[in-house]
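Observations on the three-dimensional arrangement
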Amino acid sequence: MHRKEIRFLTREDVEFPPQLLQIPGPPLCLYVKGDVKTINFKEDNFISVVGTRQITGYGKQLTRKFAFELTKAGCVIVSGMATGVDGLAHETCIDAGGKTVAFLGCGVDIVYPPQHVNLYKKIISGNGLIISEFPPGMRVEKGLFVSRNRIISGTSKGVLVIEGTNDSGALITAKCALDQGKEVFAVPAAITSRYSEAPNKLIKDGAKVVTSV
């Protein structure tokens, strides 16, 4: 970990996100890439922006709009560095001069997906943190993303779902948020698009409909 510049945080460390101590099944420890002093977990406002990997043109517009305006409003953008909505939310936040936190479903020494290597470097070079509860060297496995999603929502005051299908991982993150007593926000979209299924379902189930920051 020293060689790879990975910081190890336990629940006893003052830098450990206090909000994660309040969720069911908090992580035992966190592995961090980047300067932990970049983010103030006690005072900063965290909002998760999540959605589909198969982002549409409409989804790109929404992600850029909300990530940019939330950043300018003083929020730290939290997501999972996946392709699609997640990666674009991180990129937009950085371009707007903000700070972002990416939670991975693998070790923090592994760039996943590989095409986000430049984004990975931008985040750890001063634009935020890359964090995982999984040890260095752990490769991606499908079940790890479900565990990762509860930390994305657990860190945040609310979760904004941009696009997704009925089996989208964004719905898992939204469910985690509800279980944790967090706010869930969804942007309405055309019912003719399958990538509108997740936000429209959340709206029917009582999520807050949002059309502006």
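These lines cover the structure that appears in this document, whether it is placed above or below. (Residues numbered from 1 in each chain as written. Predicted model: local features only at pLDDT ≥ 70, side-chain atom pairs only at ≥ 80, totals over all residues. Heavy atoms only, no water.)

Counted under the stated rule, the structure contains three aromatic pairs. Ring plane angle 40 degrees and centroid distance 6.0 Å describe the contact between Tyr112 and Phe145, whose orientation is recorded as tilted. Separated by 33 residues along the polypeptide, Tyr112 in the loop between β5 (100-103) and α3 (117-127) and Phe145 in helix α4 (residues 142-155) bring together distant segments of the chain. On the accessibility criterion, Phe145 (15% relative accessible area) is buried. Just above the ring of Phe145 sits the side chain of Arg53; from NZ or CZ to the centre is 5.6 Å. (Phe/Tyr/Trp six-rings, centres within 6.5 Å; stacked < 30°, edge-to-face > 60°. Helix = DSSP H or I, 4+ residues; strand = E, 2+ residues; numbered from the N terminus. Buried < 20%, exposed > 50% of the residue type's maximum accessible area, 1.4 Å probe, protein only. Lys NZ or Arg CZ within 6 Å of the ring centre and 35° of its normal.)

Turning to the sheet that holds strand β8 (residues 183-186), a few remarks are in order. If you walk across this open sheet you meet the nine strands as β1-β2-β6-β5-β4-β3-β7-β8-β9, and the pairing is mixed. With one partner strand each, in any of the chains shown, β1 (6-10) and β9 (208-209) form the two edges of the open sheet. Judged from the five bridges that link them, β1 and strand β2 (residues 29-33) form a sheet pairing that is antiparallel. Looking at the pairing, Arg7 lines up with Val32 of β2. Against the sheet, helix α2 (residues 85-95) contacts β3 (45-50), β4 (75-79) and β5, and its axis sits at roughly 155 degrees relative to β4. Along the sheet face, α3 touches β2, β5 and β6 (128-132) and points at about 115 degrees away from the line of β6. (Pairing = 2+ DSSP bridges. Contact = heavy atoms within 4.5 Å. Axes fitted to C-alpha atoms, helices over the stretch in contact; angles between N-to-C directions.)

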